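A closer look at the structure
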Amino acid sequence: ELKVEQNPLFLSMQEGKNYTIYCNYSTTSDRLYWYRQDPGKSLESLFVLLSNGAVKQEGRLMASLDTKARLSTLHITAAVHDLSATYFCAVLNAGKSTFGDGTTLTVKP
Amino acid sequence: GAVVSQHPSWVICKSGTSVKIECRSLDFQATTMFWYRQFPKQSLMLMATSNEGSKATYEQGVEKDKFLINHASLTLSTLTVTSAHPEDSSFYICSASDRDSYEQYFGPGTRLTVT
């Protein structure tokens, strides 16, 4: 059974600071996704990572994938309040996605 | 492009009644649709995967007779919660993917409250 572990589960950080969210998974994966969820809303796709060494960046967020270590990271640079949300990684295996527990990020002024 | 809609966005029903939730891909053909359930402050749990024209594949622990899924066309899948109970109250989210895409496109979700 595929397991996906995210850490930390809760993250409170000040504006302007940097931090990294980690996503570990237990078996080989076809691809890895990062999503954002705002309270009461559905998921917004952030990144799709397809291969070892993949790195994608959008604004203050950068995601990377190390398939050998079965690890993906989501790095936040110079956080701003608008980034406050819950972030999920999800791993695709055998045609279906398994989600991590999510990281709830709060960015304080 | 790649928009998925859900209807209704929220619904309140009484115990013992049935509720149908629709999931539509508006601008692409969804060969596969997924139904998830999310309880407050928890992650998404996959309930079932459906491919157009074939029976849905349910995850372990999901009652197929209670959660009826139909994927009758390449743009529509429905989830019917039969004989709903208060413990079925949750946020139900569908997603869809097409044959060529790496992405799953998520609908806006349906909040079900059973009283």
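Structure's up top.
Residue positions are counted from 1 within each chain, in the order its sequence is given. Working convention: letters from A go to chains and numbers from 1 go to ligands, in the order in which they are written. Confidence filtering applies because this is a predicted model: local features only for residues at pLDDT of at least 70, side-chain atom pairs given and counted only at 80 or more, and all residues used for totals across whole chains, interfaces and linings. Processing note: side-chain calculations cover all non-hydrogen atoms of the structure and skip hydrogens and water entirely.

Examining unusual backbone geometry
The omega torsion across Asn7(A) and Pro8(A) is 0 degrees, close enough to zero to call that bond cis. Put simply, DSSP H or I for four residues or longer makes a helix, DSSP E for two residues or longer makes a strand, and each gets a number counted from the N terminus. With respect to the helices and strands, Pro8(A) occurs in the loop between β1 (4-7) and β2 (10-14). In this chain, His7(B) is followed by Pro8(B) through a cis amide linkage whose omega measures 0 degrees. Backbone geometry places Arg70(A), a non-glycine residue, at a positive phi of 55 degrees. Checked against the element boundaries, Arg70(A) lands in the loop between β7 (61-66) and β8 (71-76). Note on Arg70(A): relative accessible area 32%, which makes it partly exposed. At Ser83(B), a residue that is not glycine, the phi angle is positive and equals roughly 45 degrees. Within the fold, Ser83(B) resides in the loop between β8 (76-81) and β9 (90-97). Given the relative accessible area of 35%, Ser83(B) is considered partly exposed. Here's how the labels work: a residue is buried when its accessible area is under 20% of the maximum for its type, exposed when over 50%, partly exposed in between, all with a 1.4 Å probe on protein chains only.

Details of the interface of chain B and chain A
Taken residue by residue, the interface counts 19 residues in chain B and 18 residues in chain A. Approximately 1400 Å² of surface area, both sides summed, lies buried where chain B meets chain A, with 53% of it carried by carbon and sulfur atoms. Area buried by chain B at its contact with chain A is led by Ser43(B), Tyr102(B) and Phe106(B), which between them contribute 36% of it. Throughout this description, the term salt bridge denotes a Lys or Arg side-chain nitrogen within 4 Å of a carboxyl oxygen of Asp or Glu. Salt-bridge contacts for Lys96(A) lead to Glu59(B); the nearest nitrogen and oxygen are separated by 2.9 Å. Between N or O atoms, a polar contact is any pair within 3.5 Å; within protein, one atom must be a potential hydrogen donor and the other a potential acceptor, and residues adjacent in sequence are included only when both atoms are from side chains. For the interface between chain B and chain A, the tally reads six residue pairs in polar contact (both at pLDDT 80 or more). For the side of chain B that touches chain A, the secondary structure elements donating two or more residues are β4 (32-38), β5 (44-51) and β9 of chain B. Here the element with the most residues in the side of chain B that touches chain A is β4(B); it accounts for three residues. Here, two residues are considered to be in contact whenever any of their heavy atoms come within 4.5 Å of each other. The buried area of a pairing is the accessible area, by a 1.4 Å probe, that goes missing from both parts when the two are put together, added over both.

A word on the state of the cysteines
Residues and elements named next belong to chain B. Criterion for a disulfide: a pair of cysteine sulfur atoms within 2.5 Å. Scanning the model with the defined rule gives two disulfides over all chains in all. Two residues share a disulfide in this structure: Cys 23 and Cys 94, whose sulfurs sit 2.0 Å from each other. Disulfide Cys 23 to Cys 94: torsion about the S-S bond roughly 80 degrees, handedness right-handed. Of this pair, Cys 23 sits in strand β3 (residues 19-25) while Cys 94 is found in strand β9, placing the two residues 71 residues apart along the sequence. Residue Cys 23 is classed as buried on the basis of its relative accessible area of 0%. Overall, the relative accessible area of 0% leaves Cys 94 in the buried class. Cys 13 takes part in no disulfide bond, and the closest cysteine sulfur, belonging to Cys 94, lies 18 Å away. You can call Cys 13 buried: its relative accessible area is 9%.

On their own, these measurements won't tell you what the molecule is for.
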